There are 2 protein chains.
Amino acid sequence: MDHVDKILAQWRAERPDLQLRPMGLLGRIKRLGSHLGQGMDRVFTAHGLNAASFDVLATLRRSGAPYALTPSQLMDWTMVTSGTMTNRLDRLEAKGLVKRVRSEQDARSVTVQLTEQGLALIEDCVTEHVANQHRLAGTLSEAEQVELDRLLSKWLAGFEPPED
Amino acid sequence: MDHVDKILAQWRAERPDLQLRPMGLLGRIKRLGSHLGQGMDRVFTAHGLNAASFDVLATLRRSGAPYALTPSQLMDWTMVTSGTMTNRLDRLEAKGLVKRVRSEQDARSVTVQLTEQGLALIEDCVTEHVANQHRLAGTLSEAEQVELDRLLSKWLAGFEPPED
DNA sequence: CCATTTTATCTTGAGATCAAGATATTTCGA
DNA sequence: TCGAAATATCTTGATCTCAAGATAAAATGG
């Protein structure tokens, strides 16, 4: 009898006509996402970051040396709008974690690059982040994690037609 | 090769030392939650609502007649802070969907109740919402949905010790 | 070669959220 | 009883996000 079960029990009493299985499933996804987000935030804040700024720094880091992408490329990877990305970059730049470099080939374009300090920070933070994710997933056995990932991948494929 | 797989492939190339299985799992949960949220939003906006206001109205509706709870009870169900709930209630009250009634027993306290208009709206919206959830879950077979729900429940139990 | 369209980024304005603190009321303990 | 602690709600200030539009540069095509 977890929180979602209590919600379903109320609906069952009030609206017995409703088909509630998907509601339980979606409710648990949302709630689990919330708990996992909070769990990951603890590592981010310990490094002076949040999920948004971590997301940008990590995207630059995993793109490989020289750890530089345009704002448009960052928007594609992180799925946020241009206004959001401008705001994120302004804050990261103010903290000295990234720098903007105007492109020489295209005067409209800018390259966002990790600074030395930004690289050192994300390197540490990612290592801890991955260990933290391992801990957060530890409730499930390895076999259960594999099976869960399989089902999630299948569901996700309905929203993101796999390429390649 | 979905979006999450691409991220994992980049990390594998850049940081082969990292243990990436949990990252895939957590990434898919987050991404699926985002797609499902967008899918559900379409029904909410069609009724002039958003996820936040739907959440409040639905909580009042499933609590049963007379469809009235205190702000504190609503905060417990919806897991938002007091400031957020005050803001949500202000907007719903301005739209005439709920009304605040001062308690007679406790002068600190307020009861938030669905108006006739609020009840009619949430009744329609919930019916459509459940049908929409059924559609959103339709990528998976019933057996897969049951198995997925089982794994999610187990994982969630690690964060929300089941009561009752 | 120039007008139009497209591309890349930034700006603006509004809404949602939270943490921290303010206010008013009730409860509790000496 | 009365002062302190707890409770219930609201306020404030900051951040994050998005949609829509502004700005500037590059590409296109007649």
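- In the annotation of an unreviewed UniProt entry, the entry for chain A reads MarR family transcriptional regulator, and the organism field reads Thalassovita aquimarina.

### Regarding the protein's contact with DNA strand C
- Around DNA strand C there are 21 residues in total, and A:S72, A:S82, B:N50, B:T84 and B:R91 lie nearest to it.
- Protein-adjacent atoms of DNA strand C, using a 4 Å cutoff, are sugar or phosphate at a proportion of 73%.
- Contact between DNA strand C and B:T84: a phosphate oxygen at 2.5 Å from a side-chain N or O atom of the residue.
- The side chain of B:R108 places a nitrogen or oxygen atom 3.3 Å from a base oxygen of DNA strand C.
- Taken together, the elements giving at least two residues each to the surface near DNA strand C come down to α4 (71-78) and α5 (82-94) of chain A together with α5 (82-94) of chain B.
- Looking at which element gives the most residues to the surface near DNA strand C, the answer is α5(B), with 4 residues.

### Focus on the interface of chain A and chain B
- Taken together, the contact pairs 68 residues of chain A with 67 residues of chain B.
- Counting each side, the surface lost to burial between chain A and chain B is near 7300 Å², with a carbon and sulfur contribution of 66%.
- By the criterion of area lost to chain B, the three top residues of chain A are A:R21, A:R62 and A:W155, representing 9% of everything that side buries.
- The partner of B:E142 in a salt bridge is A:R21, with the nearest N and O atoms 3.3 Å apart.
- The tally of links between chain A and chain B comes to 26 residue pairs in polar contact (both at pLDDT 80 or more).
- Considering each element in turn, the side of chain A that touches chain B owes the most residues, 16 residues, to helix α2 (residues 21-46) of chain A.
- A breakdown of the residues in the side of chain A that touches chain B according to their chemical character gives 30 nonpolar, 16 polar and 22 charged.

Cut-offs used in this document
- Residues numbered from 1 in each chain as written.
- Chains lettered and ligands numbered in written order.
- Predicted model: local features only at pLDDT ≥ 70, side-chain atom pairs only at ≥ 80, totals over all residues.
- Heavy atoms only, no water.
- Near = heavy atom within 4 Å.
- Polar contact = N/O pair within 3.5 Å; in protein donor to acceptor, adjacent residues only side chain to side chain.
- Helix = DSSP H or I, 4+ residues; strand = E, 2+ residues; numbered from the N terminus.
- Contact = heavy atoms within 4.5 Å.
- Buried area = accessible area lost by both parts, 1.4 Å probe.
- Salt bridge = Lys/Arg side-chain N within 4 Å of Asp/Glu carboxyl O.
- Nonpolar A, V, L, I, M, F, W, Y, C, P; charged D, E, K, R; others polar.

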